[in-house]
Amino acid sequence: MWKLKLSEGDDSWVRSLNNHVGRQYWEFDQNGGTNEERFHIENIRQHFHKNRFHVKHSSDLLLRIQFAKEKKIDMKLGKVKIESEEEISKEGVSTTLRRALRFYSTIQAEDGHWPADYGGPLFLLPGLVISLFITGAVNAVLSEEHQKEILRYLYNHQNRDGGWGLHIEGHSTMFCTALNYVTLRLLGGEGENNEAILEKARKWILEHGGVTYIPSWGKFWLSVSNRGCFYSIYTHYFVLSI
């Protein structure tokens, strides 16, 4: 299972003026959690994937589950439904306030800050993966489990038309579709599901003029990756052979 951890300044891989005290990161423990907890997490993943086109934000569910367990907060507070102002009662106001306090208390980290996922933009992750690839550090920095979660994230946020937008709720753009396509290829996802996703992405790219239409920032990333991305002022075809 995954667990959110807070840096105490003793990380060997990171450097900053304060040794990254307060930095948050996810750590995977293959023996972590009970069978029931792992089953619950898997159900949440499947539910999110099934409804990914309707609810695109994860709502930090894994974090909330972890913190609720660690803090042993009573989650049994019923919802208050009010049809009109005349129905507002002291008990209803009290319950609503307690629910609000419980919510923010649950997602607060032990050091006092509120950690959260920064997963909206879809043009940042490709830069990380491409940088690690050209420096030969993909497997040194990203564990196998981290790479699996990156693939899962990109699979879940591919639009119906096969592309990716600037953010998880945006319409498909050449910029993010091409870069995330390259990211999937560099990480080497396997299986029929991966090939189907890549095929949809290739189709979107070709149908929208080819990768020559990617903005300058995208051209930079594809150029430094040096992985068979060819630009031509005469054609609008996309060729990528890894």
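Bear in mind the structure is a predicted one, so any value in this text is a computation, not a measurement. (Residues numbered from 1 in each chain as written. Predicted model: local features only at pLDDT ≥ 70, side-chain atom pairs only at ≥ 80, totals over all residues. Heavy atoms only, no water.)

S.K.: Looking at this structure, I do not really get the overall build of the protein chain. What am I missing?
M.R.: A tally of helices and strands in the protein chain yields nine helices and two strands. Moving toward the C terminus, one meets the helices and strands of the protein chain in the order β-β-α-α-α-α-α-α-α-α-α. Expressed as a percentage of the 242 residues in the protein chain, the buried residues total 34%. Counting contacts in the protein chain only where the partners sit at least 6 residues apart, residues at least 24 apart contribute 62% of the total. Carbon and sulfur atoms form 55% of the exposed surface of the protein chain, whose accessible area is close to 15600 Å². (Helix = DSSP H or I, 4+ residues; strand = E, 2+ residues; numbered from the N terminus. Buried < 20%, exposed > 50% of the residue type's maximum accessible area, 1.4 Å probe, protein only. Contact = heavy atoms within 4.5 Å. Areas by Shrake-Rupley, 256 points an atom, 1.4 Å probe, with all protein chains shown as cover.)

S.K.: What is the right way to read the packing of aromatic side chains from this model?
M.R.: Centre distance and the angle of the planes are the two values used to describe a pair of aromatic rings. Overall, the coordinates contain six aromatic pairs when judged by the stated rule. Ring centres of F220 and W221 lie 5.5 Å apart, and the angle between their planes is 65 degrees; on these two criteria the pair is classed as edge-to-face. What makes F220 partly exposed here is its relative accessible area of 46%. A residue is classified by how much of its surface remains accessible, and W221, at 14% relative accessible area, is buried. A network of ring pairs unites the aromatic residues F123, F175 and W217 as a single cluster. (Phe/Tyr/Trp six-rings, centres within 6.5 Å; stacked < 30°, edge-to-face > 60°.)

S.K.: Is there a simple way to explain the pattern of salt bridges in this structure?
M.R.: Between side chains of opposite charge, a pair can form as their charged atoms come close. Scanning the entire structure with this criterion turns up ten salt bridges. Between K69 and E37 there is a salt bridge whose closest N-O contact spans 2.7 Å. In this pair, K69 sits in helix α2 (residues 61–71) while E37 sits in helix α1 (residues 35–50), placing the two residues 32 residues apart along the sequence. Several salt bridges share partner residues, and in doing so they unite E42, R45, E149 and R152 into one network. (Salt bridge = Lys/Arg side-chain N within 4 Å of Asp/Glu carboxyl O.)

S.K.: What is the right way to read the packing of helix α6 (residues 144–156) against helix α7 (residues 174–187) from this model?
M.R.: Packed helices, taken two at a time, are described by the angle their axes make and the gap between the axes. Their axes nearest at 11 Å, the elements α6 and α7 cross at an angle of 150 degrees. The pairing of α6 with α7 is recorded here as roughly antiparallel in orientation. Where α6 crosses over α7, the two elements pack in a sense that is left-handed. Seen from α6, the contacting residues are Q147, I150, L151, L154 and Y155; seen from α7, they are N180, T183, L184 and L187. When the residues that make up the contact of α6 with α7 are grouped by side-chain class, the tally is six nonpolar, three polar and no charged. (Axes fitted to C-alpha atoms, helices over the stretch in contact; angles between N-to-C directions. Parallel < 35°, antiparallel > 145°, perpendicular 65-115°, else oblique. Left-handed = near helix turned anticlockwise from the far one by under 90°. Nonpolar A, V, L, I, M, F, W, Y, C, P; charged D, E, K, R; others polar.)

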